[in-house]
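# Inside the fold
Each chain, letter by letter, is given below.
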Amino acid sequence: MTLSELRVDGARLCQRLEALGEIGAVSGPNGERGCARLALTDADREGRDLVVAWMHDLGLAVTIDAIGNVVGTRAGADPTAAPVMVGSHIDTVRTGGRFDGNLGVLAGLELIETLEQHGVRTVHPISVAFFTDEEGARFAPDMLGSLVYVGGMALEDALDVRAADDGARLGDELLRIGYAGPTPCPAPGAPHAYFELHIEQGPVLEDAGITIGVVTGVQGISWTELTITGQSAHAGTTPMRLRHDPGYVAAAITTGVRRVAREMGGSQVATVGRCEFVPNLVNVVPAQVTMTVDLRNTDEGLLRQAEAAFAELCTGLEHDEGVGIVRRPLARFEPVEFDAAMVALVESTATRLGHSTLRMPSGAGHDAQMLARVCPTAMVFVPSANGLSHNIAEYTEPADIAAGANVLLQAVLATAQVVAAPDER
Ligand code: GLV
Ligand code: MN
Ligand code: MN
């Protein structure tokens, strides 16, 4: 077998995805099988323990850093060479699937196992990483672990972040689950290059009948938490004209940001994903509402325009409705463009393997957008059935999983430089 014919074992990769997906498993009424492994929960710890055990089984040298990022490394022939890193995340949203993030990490392990089986050595070491709290659903911002890894957020600030659900401190949760590791973070040296295989999480590839998405970059992300304070009052006795109702204001913001996104068009999206009423009772005008707004655009100027329209909406409502609105930024990342040569490598590799390709930006945030700050970075997308993700019905066909993992394998080999051809077993 020649090097260019080397392929991963797709069935073995799918078996690992299944096994990891059993941890924090949630099922739906129509046979959907999803996952709830919010960052730094007991389920996250169990998932981490399983992946670390697999890393040890494969003979990787495993490090855990101060923010809980885990890196397993296979030595290269040149001990001074920086590793080619493959990675993603294994935390999920509360109603997540089994593929988001997990695929990129487990494809890394599959790639290593394939190299072991065929006796392929590389000049550069190859590392497989999973980064803490990529989702940001429990601890904002998203991509927190990789952000700290590249020096984009101070470790102390990250450890002090409080959970959106139960107010727990990130650093305390990290200690509690046993993943506050001794390796320094930010990492002292950058990887030679970083690759991330991920499901698309949207409908574009499936709609176009394309197998491999060649990711050109990641759109900008702006997350804000709003606390709207009004006057709690009796629902029956308070005339409409005399109300200061944060519930109404939350609804107006929800429809308002949607209108902004629809009017701007292009890649602009707007989402209100969390909204909590206090006291949340049928016959009480609420005293306070806490809600989140997620704005994204591939163009930084347009994202700023959306943010300005959102700010204006809030100011107008404060004035018109006599409520107070406090806006707290949760995450703000500019759009990222991946390294042109790395993108071209992913594209030519996929074409060489006989797959149809489409260049596309990523709508979702990824650890790759943080690694792109310190080393040449690229991503490979595979189709998501019905475009669904952050949904327990998330699914990707085994053939597409294998296709993506093989593109990853061959692109990594081209970058890590092979020193010995596969043996002829
Ligand atoms: C996080 O991954 C996001 O895109 O919301
Ligand atoms: Mn993801
Ligand atoms: Mn996700």
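In case you missed it, the structure is sitting above this.
In this report, we go over the structure that sits alongside the text. Bear in mind that the values here come from a model prediction, so they are computed numbers and not experimental data. (Residues numbered from 1 in each chain as written. Chains lettered and ligands numbered in written order. Predicted model: local features only at pLDDT ≥ 70, side-chain atom pairs only at ≥ 80, totals over all residues. Heavy atoms only, no water.)

### Observations concerning the coordination of the manganese ion (ligand 2)
Which entries qualify depends on this criterion: Metal coordination here is assigned from N, O and S atoms located within 2.8 Å of the ion, or within 3.2 Å for Na, K and Ca; omission of water means that sites may look incomplete. Numbering of helices and strands runs from the N terminus, with a helix taken as a DSSP run of H or I at least four residues long and a strand as a DSSP run of E at least two residues long.
Those donors, H89 (NE2), D100 (OD) and H198 (NE2), are the protein atoms that reach the manganese ion (ligand 2), and they lie 2.0 to 2.3 Å from it. Sequence spacing of the donor residues for the manganese ion (ligand 2), all on one chain, is H-x10-D-x97-H. The metal-metal distance between the manganese ion (ligand 2) and the manganese ion (ligand 3) is 3.7 Å, with D100 coordinating both. Linking H89 in the loop between strand 5 (84-88) and helix 3 (102-117) with D100 in the loop between strand 5 and helix 3, this pair joins segments that are 11 residues apart in sequence.

### Some thoughts on the site of ligand 1
Applied cut-off: Here a residue counts as near a molecule or strand whenever at least one of its heavy atoms sits within 4 Å of it. Pairing of N or O atoms within 3.5 Å defines a polar contact, subject to two protein rules: one partner must be a possible hydrogen donor and the other a possible acceptor, and residues neighboring in sequence count only if both atoms are side-chain atoms. All accessible areas in this document rest on Shrake-Rupley with a 1.4 Å probe, and a residue is counted as covered only by the protein chains that are shown. Gly is placed with the polar residues, together with every amino acid not listed as nonpolar (Ala, Val, Leu, Ile, Met, Phe, Trp, Tyr, Cys and Pro) or charged (Asp, Glu, Lys and Arg).
Every residue near ligand 1 is listed here: E134, E135, D142, W223, R296, A364 and G365. G365 is positioned such that a nitrogen or oxygen atom in its backbone is 2.7 Å from an oxygen atom of ligand 1. For ligand 1, whose unbound accessible area comes to 190 Å², protein coverage reaches 93%. Here the residues of the shell around ligand 1 are counted per class, giving 2 nonpolar, 1 polar and 4 charged.

### Digging into the pairing of strand 7 (residues 126-130)
Basically, it comes down to this: To sort residues, take the accessible area from a 1.4 Å probe on protein chains only and compare it with the maximum for the residue type: under 20% means buried, over 50% means exposed, and anything in between is partly exposed. The pairing criterion is simple: DSSP has to find at least two bridges between the two strands.
Most of strand 7 is tucked away, with 5 of its 5 residues classed as buried. Burial of the side chains of strand 7 extends over both faces: I126, V128 and F130 are buried on one face and S127 and A129 on the other. As paired strands, strand 4 (residues 70-74) and strand 7 are joined by 5 bridges and run antiparallel to one another. Within the sheet, the bridge partner assigned to V70 lies in strand 7 and is F130.

### Looking at the coordination of the manganese ion (ligand 3)
Note on the manganese ion (ligand 3): its protein donors are D100 (OD), E135 (OE), E135 (OE) and H390 (NE2). The metal-donor distances range over 2.0 to 2.5 Å. Written as a sequence motif, the donor arrangement for the manganese ion (ligand 3) is D-x34-E-x254-H. Residue E135 is classed as buried on the basis of its relative accessible area, which comes to 7%.

### Regarding the side chain of S222
Here is the rule we go by: Throughout, a contact is declared for two residues whenever any of their heavy atoms are within 4.5 Å.
Tracing the sequence through the fold places S222 in strand 10 (residues 220-229). Polar contacts involving the side chain of S222 include one to the side chain of E307, which spans 2.7 Å. Excluding its chain neighbours within four sequence positions, the residues that come into contact with S222 are V293, D294, L295, L303, E307, A331 and R332.

### Notes on unusual backbone geometry
Outside of glycine, negative phi angles account for most residues, and trans bonds account for most peptide bonds. With an omega dihedral of 5°, the bond running from A140 to P141 counts as a cis peptide bond. Here P141 lies in the loop between strand 7 and helix 4 (144-149). With an omega dihedral of 5°, the bond running from C185 to P186 counts as a cis peptide bond. The phi torsion at N386 lies on the positive side, around 55°, for a residue other than glycine. Relative to the helices and strands, N386 is located in the loop between strand 19 (377-382) and helix 12 (398-416). When its relative accessible area of 60% is taken as the criterion, N386 is described as exposed.

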